[in-house]
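An overview of the molecular structure
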Amino acid sequence: MHKTYDFLVLGSGGAGLSYALRVARYGTVAVITKKDSAESNTNYAQGGLASVVDKEDSFEAHIQDTLVAGAGLCHEEVVKMVVQSGPDVIRELLDWGARFTENKGNLDLGREGGHSRNRIVHAADRTGKEIELALLSAVGKHSNIEIFEHHFALELITEHHLGKKVTRHDSDTHCYGAYVFDTYSNKVEPVYAKATLLATGGVGEVYQYSTNPAIATGDGIAMAYRAKARVANMEFMQFHPTTLNLPDADSFLISEAVRGKGGILRTEKGDAFMRNYDERAELAPRDIVARAIDDHLKKSGDDTVYLDITHLKPDVIRTSFPHIHENCLLHGIDITKEWIPVVPAAHYLCGGVLTDMEGRTSIHGLYCAGEASCTGLHGANRLASNSLLEAIVFSKKAALNSVEYIRGLGALPNVPAWDDSGTTNIEEAILVSHNREELQKIMWNYVGIVRSDLRLARAFRRTHLLYEETESFYQRSRVSVALCELRNLIANAYMIIRSAMRRKESRGLHYTTDYPTSLESEKYDTII
Ligand code: FAD
Ligand code: SIN
């Protein structure tokens, strides 16, 4: 691959690809992605993208719903900016070729938890795939953009690689690109760039049960952390209330749009229990619904709750949720006639690499957008379908700013070649997968929907041991994706646990039995 580009994009989900499309007019672009280019959280998004489209809806209402879900930690100016950009985002996605479900010639608008109106623009129940494929097709037509599949970004290049001691308090650290591992040639090469966008997505894989695909290992957040960028609000991991609870179903998501269409959560005995927890019942914000299910399961000793949409017409179910209908059938459940067994699973990280309104991180030349970022939009709990919107809005902000940033930049410095002297091939690869499984169990058992000081302290001790083992292994071994992902997962787990330990209250997605209420004195972003 060429080694110097104007723009380097790490990740080929919604954030990365839309940024690439926007900057390509101004220079050369390399998109680095660790698997096939479509493999991303974006590709699996179901419900849709929240935007004020209906004449009866208003920006004020969408802003208010976002602020309520965010439990006091949203940055209001960011919420306003993102919500007001919604209609433009929909137009741009249509221009890039995405096609959304229509109803009598207008966009069909779905409903999800926490929204006071129908405002979810969607492509049936496979919205993410529609967006991902449209963006990939547009990118494929652009001669200035090169995509490198099966290339794994290892580390961001900063002054640290020029021999300078870089600290988190420095304000003059720059990013010059990244070291990238080509999994075909097994070589690590520096890729230089004037501006770099981190769009590597979230970290659902740090939990045993997650809706996310296996790529979601928080690599970008870990890289930025090691490069001494500021990271924030890592304790706010969102658990989706409804994932298919069957062996081999791999926590397949049952979209919140199913509840938006009238789905009822029932106990094993058939009782609709959500109203015992919140007057908004099934359409309460996600943190409330997930905690209610968790509470019911713990108190009753049941293994599952059920989502019931059998009262809807079979035709409506099949046309509104073709993907969910098909996938449940594969698992032996006809959702037009049978209740769907569901439990919560880890879904979305509200925290991430801290950015300003322009998508800039605390390192010059390093931008971040999408799930890897913490922009201030979601606060302590993301409102459903606000993340695709955020990814596209902030990739635009970052693109505009980085085009300005690279103007007049001098030559990029040369960094030393990747040094793997003294390392050998991993002789015990199985230990890496054992450690990954152990970490996922620790996080699920002790840093889940309901936390406590005791559980967090236990998680911290166990994770520290895994950290020591893995670092020593890493120092001795040649680069491998599995080992690097494990190292990144551990770094993310560490940040999640430490941030959760610091917050002495319950707010939004962070609920602890030791401090069950929200406190005015704890109303801050947890910045690492
Ligand atoms: P991603 O789409 O995850 O892309 C990350 C990219 O980075 C991938 O290409 C990955 O391979 C690459 N990458 C990662 N690490 C490296 C590395 N080290 N080197 C190179 N490449 C790397 N949000 C909504 O708003 N509405 C929804 O309806 C919705 N439904 C969802 C359903 C599911 C099942 C899931 C999992 C999420 C859903 N979300 C939804 C959340 C939303 O999809 C994501 O937050 C959003 O798509 C993130 O986009 P992104 O571009 O930041 O990251
Ligand atoms: C869903 O379809 O339930 C997912 C929506 C989201 O995560 O925003």
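Everything here concerns the structure above.
Let us look at the structure shown here. As the structure is a computational prediction, the values presented were derived from the model and not from experiment. (Residues numbered from 1 in each chain as written. Chains lettered and ligands numbered in written order. Predicted model: local features only at pLDDT ≥ 70, side-chain atom pairs only at ≥ 80, totals over all residues. Heavy atoms only, no water.)

As for the pairing of strand β2 (residues 29-32)
Spelled out, the test is: Throughout this description, buried means an accessible area under 20% of the type-specific maximum (1.4 Å probe, protein chains only), exposed means over 50%, and partly exposed covers the range between. A helix here means a DSSP run of H or I that spans at least four residues, while a strand means a run of E at least two residues long, and both kinds are numbered starting from the N terminus. The pairing criterion is simple: DSSP has to find at least two bridges between the two strands. With the strands pointing away from the viewer, any crossover whose connection runs clockwise from the first strand over the helix to the second is right-handed.
On β2, burial covers both faces: Val29 and Val31 on one face and Ala30 and Ile32 on the other are all buried. Bridging between strand β1 (residues 4-10) and β2 involves 4 bridges; their strand directions are parallel. Across the sheet, the residue bridging to Phe7 is Val29, located in β2. Handedness of the β1-helix α1 (residues 14-23)-β2 crossover: right-handed. Bridge count for β2 against strand β8 (residues 145-148) is 4 bridges, and the pairing is parallel. From the neighbouring strand, Val29 faces β8, where its bridge partner is Ile145.

Here's the deal with helix α2 (residues 59-69)
Cut-off, in case you're wondering: The contact rule is simple, with two residues in contact once any of their heavy atoms fall within 4.5 Å.
Taken residue by residue, α2 has Ala61, His62, Ile63, Asp65, Thr66, Leu67 and Ala69 as its buried positions. The inward-facing, buried residues of α2 contact β3 (49-50), α3 (76-95) and α10 (387-406). Backbone geometry just downstream of α2 places Ala71 in the positive-phi region, at approximately 55°.

Focus: the pattern of salt bridges
Under the convention used in this document: Any Lys or Arg side-chain nitrogen located within 4 Å of an Asp or Glu carboxyl oxygen qualifies as a salt bridge.
The final tally for this structure, using the stated rule, is 31 salt bridges. Across the pair Arg119 and Asp65 runs a salt bridge whose closest N-O atoms are separated by 2.8 Å. Taken together, the residues Arg119 in the loop between β6 (109-110) and β7 (120-121) and Asp65 in helix α2 connect sequence positions 54 residues apart. The pair Arg119 / Asp65 is uniform in exposure class, with both members buried. With a closest N to O distance of 2.7 Å, Glu505 and Arg507 form a salt bridge.

Notes on the packing of helix α11 (residues 429-446) against helix α12 (residues 453-476)
For the record, the criterion: In this analysis, axes come from line fits to C-alpha atoms, helices being fitted only over the stretch in contact, and the angle between any two N-to-C directions falls in the range 0 to 180 degrees. Roughly parallel means an angle under 35 degrees; roughly antiparallel means over 145; roughly perpendicular covers 65 to 115; every other angle is labelled oblique. Here a crossing is taken to be left-handed if its near helix is turned anticlockwise relative to the far helix by less than a right angle, and right-handed if that turn runs clockwise. Polarity classes work like this: nonpolar for Ala, Val, Leu, Ile, Met, Phe, Trp, Tyr, Cys and Pro, charged for Asp, Glu, Lys and Arg, and polar for all others, with Gly in that last group.
Put simply, α11 and α12 touch, their axes get as near as 10 Å, and they point 165° apart. By the angle between their directions, the pair α11 and α12 is classed as roughly antiparallel. As for the relative orientation of α11 and α12, their crossing is left-handed in sense. Here Val432, Asn435, Glu438, Leu439, Ile442, Asn445 and Tyr446 of α11 come into contact with α12, specifically with Arg455, Leu456, Arg458, Ala459, Arg462, Thr463, Leu466, Glu469, Thr470 and Phe473. Tallied by class, the residues present in the contact of α11 with α12 amount to 8 nonpolar, 4 polar and 5 charged.

Structural notes on the sheet that holds strand β19 (residues 373-374)
Here we have 3 strands laid out as an open sheet, ordered β12-β17-β19, and mixed in their pairing. This sheet does not close on itself; its edge strands, each paired only once, are β12 (231-232) and β19. Across 2 bridges, strand β17 (residues 352-354) lies against β19 in parallel orientation. Each residue of the ladder has a partner; that of Leu354, found in β19, is Cys374. Along the sheet, helix α5 (residues 219-226) makes contact with β12 and β17, crossing β17 at roughly 45°.

Comments concerning the sheet that holds strand β16 (residues 340-349)
Ordered in space as β13-β16-β15-β14, the 4 strands form an open sheet in which the pairing is antiparallel. Strands at the two margins of the open sheet, each flanked by one partner only, are β13 (237-244) and β14 (264-266). Neighbour to neighbour, the strand axes of the sheet diverge by 45° on average, direction disregarded. Contacts from helix α7 (residues 286-300) reach β13, β14, β15 (305-308) and β16, with the element oriented near 60° to β13.

Digging into the nonpolar core
Note the cut-off: Throughout, nonpolar core names a set of buried Ala, Val, Leu, Ile, Met, Phe, Trp, Tyr and Cys residues whose side chains join them through atoms within 4.5 Å.
In terms of nonpolar packing, the biggest core is built from 67 residues, with Leu10, Val206, Tyr207, Met443 and Val447 touching the most fellow members. At 10 residues, the largest contribution of residues to this core is made by helix α13 (residues 481-502). Residues in contact with Met443, not counting those within four places in the same chain, are Val206, Tyr207, Gly448, Ala493, Ile496 and Ile497. In terms of nonpolar packing, the next biggest core, distinct from the first, is built from 54 residues, Ala20, Leu67, Ile131 and Ala398 among them.

Points about the site of ligand 2
Condition: In this text, near means that some heavy atom of the residue lies within 4 Å of the molecule or strand in question. Polar contacts, as counted here, are pairs of nitrogen or oxygen atoms within 3.5 Å of one another; within protein the pair requires one atom able to donate a hydrogen and one able to accept it, and residues that are adjacent in sequence qualify only if both atoms are side-chain atoms. Note on areas: Shrake-Rupley, 1.4 Å probe, and residue coverage restricted to the protein chains presented here.
Taken together, Gln46, Gly47, Glu112, His240, Leu253, Ser255, Glu256, Arg286, His347, Arg382, Ala384 and Ser385 are the residues near ligand 2. Contact distances for ligand 2 include 2.7 Å between an oxygen atom and a side-chain N or O atom of His240. Between ligand 2 and Ser385, the relevant distance is 2.6 Å, taken from an oxygen atom to a main-chain nitrogen or oxygen of the residue. Calculation on ligand 2 without its partners gives an accessible area of 260 Å², and the protein chains cover 93% of this total.

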